[in-house]
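Spelled out from the first residue to the last, the chains are:
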Amino acid sequence: MDIATSFSAFHAAEHAVSDAIRKLKSKIINPKLILAYFSEHYDEQFIQQVLAAEFPNSQILGCSSCQGVMTDEGYNRGEGIALWAMCDYEGAFGSAIVSTNQSPYDMARQALLRAIENSGRPGELPALILLHSSPGHEEEVIQGIEDELGIPVPIIGGSAADDHVRGKWKLFTHEQRCKEGVGLCVFYPSCNVSYSFHSGYASLGTSAIATRTEGRELIELNHRPAIEIYQEWIGQPLSGENSIVSRSCLNPLGRIAGKVHGLPYFKLSHPLKVTQRGGIELFANVEEGEELFFMEGTEERLITRAGRVIDSAFDIGSASQELDPIGGITIYCAGCMLQVQDRMEEVAQYVNKAMHHTPFVCPFTFGEQGQFVGGENAHGNLMISAVLFHRD
């Protein structure tokens, strides 16, 4: 069993893909699974066709990333393509995309069944699901997956992203391409797997009840326009602005996802913009009656927390046995990356150390999915999700 990565920053897709493939083939032979993360300006059809031709026996899943990608070689800013490959002759993998006019819930169920069929393991529960869907309906997608399986199999994932939130995200497998849909991969590895999902933000103790919501628009908090409450919390006037993504990055809204030893852990919702009726459009759903907490993060936490999340995954995985990590996947929020972009090399160093200097890939996404320590799969914003693969 082996994991390998490669990266190329050539601007032209044909040069970037051929360079990344050449580097990957020097490290690994006949991988069963290939993940590809790439910049929005690349032609995803070309990438798909070349990868499928070069690796005809591999399952493939590709997803666009915001303004770069990170691997064990470091942080790569701007543009490029990263490949992550696993060679596991005793394991099995299956990828699929569904892009139809059906609901995200139904697309997720169909994508899951097709991926399981492609893995050659019908009737078996996967050990892990990697999820990459277009942004907007992640909660429904997770619900569809869990309802189809019947039990919460661990999910790690990130919503497809582009450089400037303009809808230019892309997804593909070896079989299909889309801009709006559900892509996923099921893992049946022969090795041990550990995972972790954290926010790294702290509650400031201030909270309010969502008294009116509509989709992803938080209209009222405590029966007042949501933006009025949020402005009081953040101490800045925001109602005259459209996008508040950057100004809200360090102060998202949190909901309690569960508790460990009496201490709550949170899933976050990132404010996107102010609506005409004084509401706040979010990157995640909020239900009426939920309590929302005013959260705070710092740039230092954003820089160090990726390493801490991976350390947590390693600690969980090695609690009952000695494990030897061989590589992993990390999902890092694009909003957090943009907040600390000038210091992302430091983030890469922390992640490399936590990964025990094994191969990993890390896209920058517009929403993160993972399984909390309490066993709940969830979608959140400004989060980090990580999975490690281990030899016994």
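Residues numbered from 1 in each chain as written. Predicted model: local features only at pLDDT ≥ 70, side-chain atom pairs only at ≥ 80, totals over all residues. Heavy atoms only, no water.

A. Spotlight on the sheet that holds strand β11 (residues 177-178). The 6 strands lie next to each other as β1-β6-β2-β3-β10-β11, forming an open sheet whose pairing is mixed. In the strand order of this sheet, the two ends are held by β1 (2-8) and β11, each with one partner. The sheet strands contacting helix α1 (residues 13-25) are β1 and β6 (81-87), and the helix crosses β1 at an angle near 150°. (Pairing = 2+ DSSP bridges. Helix = DSSP H or I, 4+ residues; strand = E, 2+ residues; numbered from the N terminus. Contact = heavy atoms within 4.5 Å. Axes fitted to C-alpha atoms, helices over the stretch in contact; angles between N-to-C directions.)

B. Representation of the packing of α1 against helix α2 (residues 44-54) in the model. Contact geometry for α1 and α2: axes closest at 10 Å, N-to-C directions at 30°. Compared by their axis directions, α1 and α2 come out roughly parallel. In this structure, α1 meets α2 at a crossing whose hand is right-handed. Seen from α1, the contacting residues are Ala 13, Glu 14, Val 17, Ile 21 and Lys 25; seen from α2, they are Phe 46, Ile 47, Val 50, Leu 51 and Glu 54. Split by residue class, the contact of α1 with α2 holds 7 nonpolar, no polar and 3 charged. (Parallel < 35°, antiparallel > 145°, perpendicular 65-115°, else oblique. Left-handed = near helix turned anticlockwise from the far one by under 90°. Nonpolar A, V, L, I, M, F, W, Y, C, P; charged D, E, K, R; others polar.)

C. A look at the packing of aromatic side chains. With the rule as written, the count across this model stands at 12 aromatic pairs. For the pair Tyr 75 and Phe 364, a centre-to-centre distance of 6.0 Å together with 65° between the ring planes defines the contact as edge-to-face. Of the two residues, Tyr 75 sits in strand β5 (residues 74-77) while Phe 364 sits in strand β24 (residues 364-365), which places them 289 residues apart along the sequence. For the pair formed by Tyr 75 and Phe 364, the shared burial category is buried. With a centroid separation of 5.9 Å and 45° between ring planes, the pair formed by Trp 84 and Phe 389 is classed as tilted. Of this pair, Trp 84 sits in strand β6 while Phe 389 sits in strand β27 (residues 384-391), and the two are 305 residues apart along the sequence. A single burial state applies to Trp 84 and to Phe 389, both of which are buried. (Phe/Tyr/Trp six-rings, centres within 6.5 Å; stacked < 30°, edge-to-face > 60°. Buried < 20%, exposed > 50% of the residue type's maximum accessible area, 1.4 Å probe, protein only.)

D. Structural detail: the packing of helix α3 (residues 104-119) against helix α4 (residues 138-149). Where α3 meets α4, the closest approach of the two axes is 7 Å, and the angle between their N-to-C directions is 50°. The angle between α3 and α4 places the two elements in the oblique class. Of the two possible hands of crossing, α3 and α4 adopt the one that is right-handed. Residues Pro 104, Tyr 105, Ala 108, Arg 109, Leu 112, Leu 113 and Ile 116 of α3 pack against Glu 140, Val 141, Gln 143, Gly 144, Ile 145, Asp 147, Glu 148 and Leu 149 of α4.

E. Broad picture of the UniProt feature "domain: FIST" (unreviewed entry) in the protein chain. Within the UniProt annotation, "domain: FIST" (unreviewed entry) is assigned to residues 30-225. Secondary structure within residues 30-225 divides into 20% helix and 42% strand; the distance between the first and last C-alpha atoms comes to 57 Å. (UniProt positions renumbered as here; feature names shortened; annotations may be inferred.)

F. Spotlight on the pairing of strand β4 (residues 68-71). Here β4 shows no split at all, with Gly 68 and Met 70 on one side and Val 69 and Thr 71 on the other all buried. With 4 bridges connecting them, β4 and β5 associate as antiparallel partners. Within the sheet, the bridge partner assigned to Thr 71 lies in β5 and is Gly 74. Here β4 folds back onto β5, and the loop between the two strands holds 2 residues.

G. Summary view of α4. With 12 residues, α4 extends 17 Å between its outermost C-alpha atoms, agreeing within 8% with the 16 Å of an ideal straight helix rising 1.5 Å per residue. Taken together, the buried positions of α4 are Glu 138, Val 141, Ile 142, Gly 144, Ile 145, Glu 146 and Leu 149. On its buried side, α4 packs onto α3, β8 (128-133), β9 (155-158), β12 (182-188), β25 (368-371) and β26 (377-380). One or two positions beyond α4, positive phi appears at Gly 150, with a value near 90°. (Expected span 1.5 Å × (residues − 1).)

H. Layout of the pairing of strand β14 (residues 202-214). With 5 bridges connecting them, β14 and strand β21 (residues 291-296) associate as antiparallel partners. In the strand pairing of β21, Ala 202 is matched with Glu 296. Note that β14 and strand β15 (residues 217-221) share 4 bridges and pair antiparallel. The residue bridging Arg 212 from the neighbouring strand is Glu 220, located in β15. Taken together, β14 and the strand that follows it, β15, pair antiparallel across an intervening segment of 2 residues, in which Gly 215 is found at a positive phi of about 65°.

I. Local environment of the nonpolar core. Counting residues in hydrophobic clusters, the biggest one holds 71 residues, and the most contacted among them are Trp 84, Phe 187, Ile 329, Tyr 332, Phe 364 and Phe 389. The biggest single contributor to this core is helix α6 (residues 299-317), with 7 residues. Excluding its chain neighbours within four sequence positions, the residues that come into contact with Phe 187 are Leu 33, Trp 84, Ala 92, Phe 93, Pro 126, Ala 127, Leu 128, Leu 130, Ile 329 and Phe 389. (Core = buried A, V, L, I, M, F, W, Y, C linked by side-chain atoms within 4.5 Å.)

J. Structural view of the pattern of salt bridges. Applying the stated rule across the entire model yields 20 salt bridges. For Glu 124, the salt bridge goes to Arg 121, with nearest N and O atoms at 3.4 Å. Accessibility expressed as a relative area gives 38% for Glu 124, which makes it partly exposed. Residue Arg 121 is classed as partly exposed on the basis of its relative accessible area of 22%. (Salt bridge = Lys/Arg side-chain N within 4 Å of Asp/Glu carboxyl O.)

K. Spotlight on unusual backbone geometry. The residue Asn 222 is not glycine, and still its phi comes out positive at about 50°. Examined against the element boundaries, Asn 222 turns out to sit in the loop between β15 and β16 (224-225). Non-glycine residue His 261 carries a positive phi angle of around 55°.

L. Fine view of helix α8 (residues 344-354). Taken together, the buried positions of α8 are Met 344, Val 347, Ala 348, Val 351, Asn 352 and Ala 354. Angularly, the buried residues of α8 cover 165° about the axis, an arc narrow enough to put them on a single face. Turned more than 90 degrees from where α8 packs its buried face, Gln 349 and Lys 353 sit exposed. In the segment just after α8, His 356 is the residue with positive phi, at about 60°. (Arc of directions from axis to C-beta.)

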